[in-house]
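# Analysis of the macromolecular model
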Amino acid sequence: MKVRGTVRPPGDKSISHRALMLAALAGGGTSELEGLLTGDDVKSTARVLRGLGADISTVREGATVKVHVSRFTSPVSRLHCGNSGTTARLILGILAGQNFAATLTGDASLRRRPMRRVIEPLRTMGAEITERGADSLPLTIRGGRLHALTYTTPVASAQVKSALLLAGLTGGVAVTLREPYRSRDHTERLLAHLGLGLHERDGAIVFEPLARSVVPSFQLSVPGDVSSAAFLVGAAALAQGGELVIENVGVNPTRTGFLVVLARMGARVERVNLRDAGGEPVADLVARPAALSGTEVAAAEVPTLVDEVPILAVLASRAEGETVFREVGELRVKESNRLELIAANLRALGVEAEARGNDLYVCGTTRPPRGRVDTARDHRLAMAFAVLGTVPGADVRLSERASVAISYPRFFADLRRIRETGKGKRER
Ligand code: S3P
């Protein structure tokens, strides 16, 4: 297979959530958001915000989404966060500063995901939270008067960090945060871009509410999602020839660890047309086939590539030698138990792979991958293993494909479009 052409990945999922939430909190005027992801997770955020009284136009492909000024009010029913951990955790932060009670729930996968990591610091700030399960949704939060918080997060999680910053914003209190490793900083960038009292001091992230700080309405063009682009880069790296241009990709350094590791493995991805969009660096990527070799991914790199471990593990399975991912235990509590499922699915395809403690080991092979993959309805597993299915002689059968709608609804169409068969024809 060869790759060719130009492709635009969908809008960045993390930035789309944050843009919608901050626009819904704006104190006056209408915000206009372009390039927003139209995947199910972002629709979950829009639905939950509407449940709180926000006036948001339909989130659909090609549309500028308008968010009109509105006041949050007590929701009449439970707020359903679908499959989206970012929606649940960030909305908890927003609700901590609201003077009413709301109940959050989600699908079966989200109801298994840990919430204590946000519940505990939000309780310290003064929010009342009652959970029915041990550590998970559904739960009810009653916000109100909050206290300032100085906190070191036990895990490097942008969702926890963002929830606490948003609580500071809606509660009008200072928040000082440290994290073991720097996680994605989109919330900090957007708050700073909007002039909302965010800065760094002595290695800590500091939010200090300004006097009468009101979120201004704003216009934003959301860049393409580097985590979605990663699957296309992966397909190009595994191809036998050609070149692929991936346009308008967010290249925030807290998100591009994947490109750093890939360069170490032998695949250099060029960044061209570097520019800025709303405080975020954006570029076009040029990806080409490469002979890959194994590497060690260090714990400090993991937050910068946490969503790219599935595709990196797939690439490692085609590399010469062994690849080790250190300290990827967080993958157990993503949309699925990604750590075990990456290893088990690679084994099902004839690859030596194993999770030992919190580390993941993958041994490269040249044998064609053949077998059935259980995606557990996890979008990133489905896309990573679909990419593995593009290598010569592969027969990779996915248990389902619909989950890609979470973050990359057009994924299979794009994957088909960039591929060229040996006879010079695009695959159908
Ligand atoms: C996200 C943060 C990451 C990531 C998720 C999106 C965000 O989760 O895995 O897909 O938008 O803040 P953690 O913060 O739990 O690591």
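The structure displayed is predicted, hence computed values, not measured ones.

A few words on the overall build of the protein. Scanning the protein from terminus to terminus reveals 13 helices and 25 strands. Scaling as 2.2 N^0.38, a compact globule of 428 residues should have a C-alpha radius of gyration of about 22 Å, and the protein matches this with 21 Å. Considering only intrachain contacts with a sequence separation of at least 6, the fraction spanning at least 24 residues in the protein is 73%. Split by element, the accessible area of the protein, about 16300 Å² in all, is 46% carbon and sulfur. Of note, the protein has its 57 positive side-chain charges centred 5 Å away from the centre of its 45 negative side-chain charges.

Turning next to the sheet that holds strand 7 (residues 101–105). The four strands lie next to each other as 6-7-9-8, forming an open sheet whose pairing is mixed. Every interior strand has two partners, whereas the edge strands, strand 6 (79–80) and strand 8 (128–131), have only one. Each of strand 8 and strand 9 (139–142) is contacted by helix 5 (residues 116–125), which is oriented at about 150° to strand 8, the strand it contacts most.

What follows is about unusual backbone geometry. Cis rather than trans, the peptide bond between Leu137 and Pro138 has omega equal to 0°. Summarising the element assignment, Pro138 is placed in the loop between strand 8 and strand 9. Positive phi, normally seen in glycine, also occurs at Glu327, with a value near 55°. Following the sequence through the fold, Glu327 ends up in the loop between strand 20 (322–325) and helix 11 (338–348). Even without being glycine, Ala376 reaches a positive phi, approximately 50°. You can call Ala376 partly exposed: its relative accessible area is 33%.

Turning next to the pattern of salt bridges. Going through the model one piece at a time under the given rule, you end up with 32 salt bridges. Across the salt bridge formed by Arg184 and Asp307, the nearest N and O atoms sit 3.2 Å from each other. Within this pair, whereas Arg184 is found in the loop between strand 11 (175–178) and helix 7 (186–193), its partner Asp307 is found in the loop between strand 19 (296–297) and helix 10 (309–316), the two being separated by 123 residues in sequence. Each member of the pair Arg184 and Asp307 is classed as buried. For Glu243, the salt bridge identified is with Arg288, shortest N-O distance 3.0 Å.

The next point concerns the pairing of strand 23 (residues 370–373). In this structure, strand 23 lies alongside strand 24 (residues 395–398), joined through four bridges in parallel fashion. The residue of strand 24 that forms the bridge with Arg370 is Asp395. Crossover strand 23 to strand 24 through helix 12 (residues 379–388) is right-handed.

Sheets are built from strands paired through backbone hydrogen bonds, the pairs being either parallel or antiparallel. The strand order across the open sheet formed by four strands is 2-16-18-17, and the pairing between neighbours is mixed. Sheet topology places strand 2 (6–7) and strand 17 (270–277) at the edges, where each strand pairs with a single neighbour. In this structure, strand 16 (residues 244–250) lies alongside strand 18 (residues 280–287), joined through five bridges in antiparallel fashion. Considered in strand 18, the bridge of Ile246 is made with Leu285. Along the sheet, helix 8 (residues 226–238) makes contact with strand 2, strand 16 and strand 18, crossing strand 16 at roughly 165°.

Of the two faces of strand 5 (residues 65–68), only one is covered, namely that formed by Val65 and Val67; the face formed by Lys66 and His68 stays uncovered. As paired elements, strand 3 (residues 31–34) and strand 5 share three bridges and run antiparallel to each other. Along strand 5, the bridge assignment pairs Glu32 with Lys66. As paired strands, strand 4 (residues 55–56) and strand 5 are joined by two bridges and run antiparallel to one another. For Ile56, the partnering residue across the bridge sits in strand 5 and is Val67.

What counts, and where the lines are drawn
Residues numbered from 1 in each chain as written. Predicted model: local features only at pLDDT ≥ 70, side-chain atom pairs only at ≥ 80, totals over all residues. Heavy atoms only, no water. Helix = DSSP H or I, 4+ residues; strand = E, 2+ residues; numbered from the N terminus. Rg over C-alpha atoms; globule rule 2.2 N^0.38 Å. Contact = heavy atoms within 4.5 Å. Areas by Shrake-Rupley, 256 points an atom, 1.4 Å probe, with all protein chains shown as cover. Lys, Arg positive; Asp, Glu negative; His and termini not counted. Charge placed at Lys NZ, Arg CZ, Asp CG, Glu CD. Pairing = 2+ DSSP bridges. Axes fitted to C-alpha atoms, helices over the stretch in contact; angles between N-to-C directions. Buried < 20%, exposed > 50% of the residue type's maximum accessible area, 1.4 Å probe, protein only. Salt bridge = Lys/Arg side-chain N within 4 Å of Asp/Glu carboxyl O. Right-handed = clockwise from strand over helix to strand, strands pointing away.

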